[in-house]
Amino acid sequence: EVLLVESGGGLVQSGGSLRLSCAASGLTFDTYAIAWFRQAPGKEREGVSCISNSDGDLYYVDSVKGRFTITTDNAKNEVYLQMTNLKPEDTAVYYCAADFLCGRYMNNWGKGTLVTVSS
């Protein structure tokens, strides 16, 4: 069974930094795409970033370009989202997701980790 476990969420002030981690198991990590989504209160789930080990795709939503960086450690089956210059509008539950390719619909999801950015 594919298992994704997020960690690293918390409370930070505007302008601060945070690194989220997603530990993956039960999949062939080198052939998968791993994505970060987020869902803020009252809003739809939004794709934040995706990196594909299978075809090399790399994606960031416009609102986080230049502030967030997605990286992987394939040997550890982990993916990270380094978030800098955080803003209150970044407040959301962040989820990692895995599938064969980057896209809006992913088959495997973690339970999420909460990021709260204070003004």
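For the structure, check the block above.
Residues numbered from 1 in each chain as written. Predicted model: local features only at pLDDT ≥ 70, side-chain atom pairs only at ≥ 80, totals over all residues. Heavy atoms only, no water.

## Structural notes on unusual backbone geometry
Item 1. Although it is not a glycine, Asn 77 sits at a positive phi angle of roughly 55°.
Item 2. Checked against the element boundaries, Asn 77 lands in the loop between β7 (68-73) and β8 (78-83).
Item 3. Notably, Asn 85 is not glycine yet its phi reads approximately 45°, a positive angle.
Item 4. Of note, Asn 85 is situated in the loop between β8 and β9 (92-99).
Item 5. Given the relative accessible area of 41%, Asn 85 is considered partly exposed. (Helix = DSSP H or I, 4+ residues; strand = E, 2+ residues; numbered from the N terminus. Buried < 20%, exposed > 50% of the residue type's maximum accessible area, 1.4 Å probe, protein only.)

## Things to note about the environment of Arg 67
Item 1. Considering the arrangement of structural elements, one finds Arg 67 in the loop between β6 (58-60) and β7.
Item 2. When its relative accessible area of 9% is taken as the criterion, Arg 67 is described as buried.
Item 3. Sequence-wise, Arg 67 and Gln 82 are 15 residues apart; in three dimensions their C-alpha atoms are separated by 8.2 Å.
Item 4. Once residues within four sequence positions are removed from consideration, Arg 67 is found in contact with Gln 82, Met 83, Thr 84, Asn 85, Leu 86, Lys 87 and Asp 90. (Contact = heavy atoms within 4.5 Å.)

## Some words on the state of the cysteines
Item 1. Enumeration according to the criterion identifies 2 disulfides in this entry.
Item 2. One disulfide bridge connects Cys 22 with Cys 96, the sulfur atoms lying 2.1 Å from each other. Disulfide Cys 22-Cys 96: the torsion about the S-S bond is 60°, which places it as right-handed. Of this pair, Cys 22 sits in strand β3 (residues 18-25) while Cys 96 sits in strand β9, and the two are 74 residues apart along the sequence.
Item 3. Between the sulfur of Cys 50 and that of Cys 102 lies a disulfide, 2.0 Å long from S to S. Between Cys 50 and Cys 102 the sulfur-sulfur dihedral comes to about -90°; the bridge is accordingly left-handed. You can see Cys 50 sitting in strand β5 (residues 46-52) and its partner Cys 102 sitting in the loop between β9 and β10 (108-109), a full 52 residues away along the chain. (Disulfide = S-S within 2.5 Å.)

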